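# Examination of the molecular architecture
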Amino acid sequence: MPNNEGDSIQVSAAEPRVRIKEVVTIWILFFINLFNYIDRYIVAGALDELMKEFHLSFFQGGLLTTAFIVSYMILSPLFGFLGDRYKRSWLIAIGLFLWALSTFLCSIANKYWQIVLLRALVGIGEASYAALAPTIIADLIPVSQRTFYLSFFYIGTPIGGALGYIIGGGVSDSWGWRWSFRVTPPLVILLGIASIIMVQDPERGGADNIRGDSLGTYSQEIRASRNPVHQLAVEAWTLLKTKTFLYSTLGFSCLAFTIGSLTQWIPVYVVKASAIAGTPYENSELGRIEVSGKVHPETRPADKWDGNAAHLSQLVPRHCSRALQHQLLLGVHRTNSAVCLHWLGP
């Protein structure tokens, strides 16, 4: 269809094929996402040991994740703002290095407030990739294949969460909770180096074959803006006026609230349920209420819990290491979610 006079936008009929360089970039971003969620759920897997060593209440235990989420939430828009003005692969790498350093320092922290502060810094580091990685994929991959590659990228979310429970609980049980925070940093540093060397930073809308003033000068105008704060306010106001964005954000916030609370505290519930059912863990776990294999009567909840406890205690194999039982239950669930996501994604 011919363009109107003065319309300089042209879209070519043939879409470019995905090349090896694009595939390498997506694999690197996938592993960054994977290790992000491994690191995020390590805290839930090792929470029992943390709470016992620092004598934490449930509120204080929950604050370890809250500190991460708050900084993650606040800094994600900032990294999106910076991504329009600077090289995205470098911003991701800087965030990864901060993330790796903060996670490692958690393993040598001696005070509770230090871990809270460091988890907040981890949120800053992870916000860099979370805001920028999907935009890189969108600018690299043609529309006809974009959903498939984005679904592949997001498979790292449930798989990483499952591995986080297993690694956090298993390593904490075998070598102590401090070693749980030493698993991911070396690999995250390698991913940061790979981001600098191999991750591409394509032009905005490059995979859509759009040419002309519409996108051709967009990045230049943003970078040339003399008042970035005003520009940020204008962009934020534009989003707030977009009903689709508001409803989608509200819905996802409700989902994150529910899933976040479940993933943080269901391991605690499973541990307690096992003890209530008369099959307490052999190794020390959060909320263990047994001495010499017997549950204290004064700490035993009402009988209405017994059915749930007995049911949960039978969900995991008896021969399995009991220190890993609740991590495996959650891990299998999240891995099944990953398979469904990848199958339905394209």
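Residues numbered from 1 in each chain as written. Predicted model: local features only at pLDDT ≥ 70, side-chain atom pairs only at ≥ 80, totals over all residues. Heavy atoms only, no water.

### Concerning the confidence of the model for the chain
Per-chain confidence: the chain averages 75 in pLDDT, with 67% of residues scoring 70 or above. Under a pLDDT of 50 for its full length, residues 280-327 has, in the predicted model, 75 contacts with residues more than four places off or in other chains. Confidence over residues 331-346 falls short of pLDDT 50; this stretch has 26 contacts with residues more than four positions distant or in other chains. (pLDDT = per-residue confidence, 0-100. Contact = heavy atoms within 4.5 Å.)

### Overview of the packing of helix 6 (residues 143-154) against helix 7 (residues 156-175)
Relative orientation of the contacting elements helix 6 and helix 7 amounts to 10 degrees, with a least axis distance of 5 Å. Comparing their axes, helix 7 and helix 6 come out roughly parallel. Facing helix 6, whose interface residues are Phe 152, Phe 153 and Tyr 154, helix 7 presents Gly 156, Thr 157 and Pro 158. When the residues that make up the contact of helix 6 with helix 7 are grouped by side-chain class, the tally is 4 nonpolar, 2 polar and no charged. (Axes fitted to C-alpha atoms, helices over the stretch in contact; angles between N-to-C directions. Helix = DSSP H or I, 4+ residues; strand = E, 2+ residues; numbered from the N terminus. Parallel < 35°, antiparallel > 145°, perpendicular 65-115°, else oblique. Nonpolar A, V, L, I, M, F, W, Y, C, P; charged D, E, K, R; others polar.)

### Observations regarding the nonpolar core
In this structure, Leu 29, Ile 32, Leu 64, Ile 92 and Ile 115 are the most contacted members of the largest nonpolar core, which totals 57 residues. Non-local contacts of Leu 29, meaning those with residues more than four positions away in its chain, are made with Ile 92, Ala 133, Ile 136, Ile 137 and Phe 153. (Core = buried A, V, L, I, M, F, W, Y, C linked by side-chain atoms within 4.5 Å. Buried < 20%, exposed > 50% of the residue type's maximum accessible area, 1.4 Å probe, protein only.)

### A closer look at the pattern of salt bridges
A side chain with one charge can pair with a side chain of the opposite charge if their charged atoms come near. Under the counting rule described, the total for this entry stands at 6 salt bridges. Residues Asp 139 and Arg 88 are paired through a salt bridge, measuring 3.0 Å at the closest nitrogen-oxygen approach. Of the two residues, Asp 139 is situated in helix 5 (residues 112-140) and Arg 88 in helix 4 (residues 88-106); the sequence distance between them amounts to 51 residues. Under the relative-accessibility criterion, Asp 139 is labelled buried at 11%. Using a relative accessible area of 1% as the deciding quantity, one classes Arg 88 as buried. Through salt bridges with shared partners, a single ionic network connects Arg 88, Asp 139 and Asp 201. (Salt bridge = Lys/Arg side-chain N within 4 Å of Asp/Glu carboxyl O.)

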